[in-house]
Amino acid sequence: MHAPRLQESPVDETGRRTGKVSRRVLLASSAATGAASVMGAGQAAAQEDDQAPVPPRTQDAAGTGRGLLYPQRNELRDLIDLSGLWQFQLDPERQGEGQGWSSALPAARPIVVPCSWNDLFDDAKNYLGLAWYLNELWVPQGWQGKRVFLRVGSANYAAKVWVNGTLVAEHLGGHLPFVAEISPELAWDRPNVVAIAVENEQLPERVPPGPGPAGGGVAGVLGGFPATTYDFFPYAGLHRQVWLYAVPADAHIDDITVTTTIEGEDGVARVAVRASGGYAGRGQVRLDDVAGDLAFRDGVAEATLRIPGARLWSPQDPHLYPLRVTLGEGQRVADAYTLDIGIRTVAVEGDRLLLNGEPIKLTGFGKHEDFPLSGRGLNLPMWIRDYELLRWVGANSYRASHYPYAEEAMQLADRLGVLVINEIPAVGLNFEDPPELTAQRLEQCRQQLQELITRDKNHPSTIMWNVANEPLGGPPLGAAPPVPEAVASGMDFFRQLYDEVRRLDPTRPVTLVGVQGGVRDWHGIFDVVCVNGYYGWYTQAGQLELGRQALAQELDELHQTFGKPVMVTEFGADTLPGAHNQPPEMWTEEYQTEFLRGFLDVAAERPFMAGMHVWNFADFKTGQGTMRAAAMNFKGVFTREREPKMAAHFLRERWAT
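Small disclaimer: the values here were computed from a predicted structure and weren't measured.

(A) Expanded view of the environment of Asp-189. With respect to the helices and strands, the residue Asp-189 is situated in the loop between β9 (178–181) and β10 (192–199). Sequence separation between Asp-189 and Val-139 is 50 residues; the distance between their C-alpha atoms is 9.0 Å.

Given below as structure tokens:
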């Protein structure tokens, strides 16, 4: 049952309207209280024109056909990383565009890029409204005569970009890069001004959707702040690098797609290359001593390379081959690009997940890009430490929950042999919401999938695409049967997303991550059945044996219904570091350890299980609320600072020995 429609409330310190409800908090609290209703995000009234978000005129892979190759410097290409100190100013009244802030900020303060702004400034802690970044830079004279592009790695959530006062790009959706050519706007005799306006308002038509206006949670006391439909902090800002890069003007390599197969002892790499401007010349691809010619027509060419006795990429041997692509003939090279590829296959056969034709079981975690001070901003020391801890604990995989992670994280996964389930930020979807909201979200999910696959399709570590996390088609956690109309709406929605992913990449399995007691029919669309389960925490609280029984029943029913590989993609218990008790009680390190042990034991008895991902790798920041002590989710087996809890040592004994 939906709450009554409320009048729009005023804007609060987050830069958004007040009185909205956290669906994730309601999901948890519904289980604890037996509630059988959830507030619908679709009840949000239309925003006034003066509060409208940045319009989504995208400059990205989806909107322009442009590739998203990682910027690279070589003999023909150059780049400038604009990471460092920028000028910064909040704009809660949205007056900056009309007052010319794209050229100069009237009351700027310094900020670091990349980084979230929320943990840096007291007055921006919970602010999600519009803010401005500005930087001045010289462009090298040697770049004249080249095409120059600006690439924003992640602007969460909506962004506009100006160069020397000219609007050059707009983008909707955080976590993925977008690119704009800025050659005509550049000055060569003075510094250039780059300005980026970013906001992360939690609006119901977005993905992830913001909550509706009927706020306050259950009985008006369990809503989180800032209000979201998901259980992690809504960090805002420029979270990854901003790059300038220069490529040859006549023609350049715009996109590369590599697919690999195995034929006997040989590896086969099929390489498709797209060049700019309808290039109709020649080119070459080379992998070690194996080369193939490219004959372009309308800017597109393909070649197939056979590698005798190939070393197959796997967690045990993450061997990478350097692939070099060039435009031109003989010694006259017009452009070049190099990327590392792994030769491997991923497939589903019956109820088994196969890597290189052999069954594989995924052991690991759901994660977050989350660390003190940097927030969701790129933090390479954190990533190096996280991969070291994954190795230490014996994990072979993780899920990029609940949004695409940094490109450097994917590169490290390739090098270190870590398997990744890659997903878009479609968390908090509710198919009881009005059809017009569902239609808007569908288009954004399409865009996000197009951008994600364009960016990450060549990473051997990415073995599966996930289109959504814990979508709702009725009351959460099975408090009541699903709503038939919502189930039907979700079926149409997810069929379209599945078809879109398979069109873009037919080489990897596609999944949907459901939740215990959720809509089962949706799993039938996908290649692998993934479900999040918290039996013994949100339900059967404190009763570990009952939780194990409920888990076993659900896993068996899912396998009997679909006959596909099954994976538990989240299971865990909040654990205060240093809290102990015998016998184990909730929130203690002993309870977390026994909770995880029980789930792993249940899975080990079922050969159809394709993997188990603990929730979570490390404690992470959330909004404030009565469900989240210290505004933290404490389900990590490591603390937020990466100190191991008892459960981390248990998992190491289980997985690494």
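(B) Unusual backbone geometry, seen in detail. With an omega of 20°, the peptide bond between Asn-156 and Tyr-157 qualifies as cis. Locating Tyr-157 in the fold gives a position in the loop between β6 (155–156) and β7 (158–163). The step from Gln-582 to Pro-583 runs through a cis peptide bond, and the omega angle for that step is 0°. Tracing the chain through its elements places Pro-583 in the loop between β29 (566–570) and α8 (589–604). Positive phi outside glycine occurs at His-175, with the angle close to 85°. For His-175, a relative accessible area of 7% gives the class buried. The residue Asn-356 is not glycine, and still its phi comes out positive at about 55°. Position of Asn-356 relative to the elements: it lies in the loop between β21 (352–355) and β22 (358–359). For Asn-356, a relative accessible area of 18% gives the class buried.

(C) Looking closely at the sheet that holds β21. Spatially, 3 strands are ordered β20-β21-β22 in an open sheet, and the strand pairing comes out antiparallel. Single-partner strands in this sheet number two, and they are β20 (346–349) and β22. With 4 bridges connecting them, β20 and β21 associate as antiparallel partners. Residue pairing for β21: Val-348 is matched across the bridge by Leu-353.

(D) Region of the structure containing the pairing of β7. Taking burial as the measure, the 6 residues of β7 include 6 buried ones, the bulk of the element. Of the two faces of β7, both are covered, the one formed by Ala-158, Lys-160 and Trp-162 as well as the one formed by Ala-159, Val-161 and Val-163. Across 6 bridges, β7 lies against strand β8 (residues 166–172) in antiparallel orientation. Counterpart to Ala-159 in the pairing with β8 is His-171. Taken together, β7 and the strand that follows it, β8, pair antiparallel across an intervening segment of 2 residues, in which Asn-164 is found at a positive phi of about 50°. By the bridge criterion, 6 bridges tie β7 to β10 in an arrangement that is antiparallel. Residue pairing for β10: Ala-159 is matched across the bridge by Val-198.

(E) Molecular detail of the side chain of Lys-160. Relative to the elements of secondary structure, Lys-160 occurs in strand β7. At a separation of 3.1 Å, a polar atom in the side chain of Lys-160 contacts the side chain of Glu-97.

(F) Broad picture of the pairing of strand β18 (residues 321–329). Strand direction decides the pairing type here: strand β15 (residues 282–287) and β18, joined by 5 bridges, are antiparallel. Its bridge partner being in β18, Arg-286 is matched across the sheet by Arg-324. As judged from the 9 bridges shared by β18 and strand β19 (residues 332–341), these two strands associate in the antiparallel manner. Paired with Leu-323 across the strands is Leu-339, a residue of β19. The loop that links β18 with its antiparallel partner β19 comprises 2 residues; one of these, Gly-330, has a positive phi angle of about 60°.

(G) The arrangement of the packing of aromatic side chains in detail. Per the counting criterion, the structure on display carries 36 aromatic pairs. Measuring from centroid to centroid gives 5.4 Å for Phe-365 and Phe-617, while their planes differ by 80°, and the two rings are edge-to-face. Taken together, the residues Phe-365 in strand β23 (residues 362–366) and Phe-617 in the loop between β30 (609–615) and β31 (620–621) connect sequence positions 252 residues apart. With respect to class, Phe-365 is no different from Phe-617; both count as buried. Among the aromatic side chains, those forming a connected cluster through ring pairs are Tyr-230, Phe-232, Trp-383, Tyr-387, Tyr-398, Tyr-403 and Tyr-405.

Criteria and cut-off values
- Residues numbered from 1 in each chain as written.
- Predicted model: local features only at pLDDT ≥ 70, side-chain atom pairs only at ≥ 80, totals over all residues.
- Heavy atoms only, no water.
- Helix = DSSP H or I, 4+ residues; strand = E, 2+ residues; numbered from the N terminus.
- Buried < 20%, exposed > 50% of the residue type's maximum accessible area, 1.4 Å probe, protein only.
- Pairing = 2+ DSSP bridges.
- Polar contact = N/O pair within 3.5 Å; in protein donor to acceptor, adjacent residues only side chain to side chain.
- Phe/Tyr/Trp six-rings, centres within 6.5 Å; stacked < 30°, edge-to-face > 60°.

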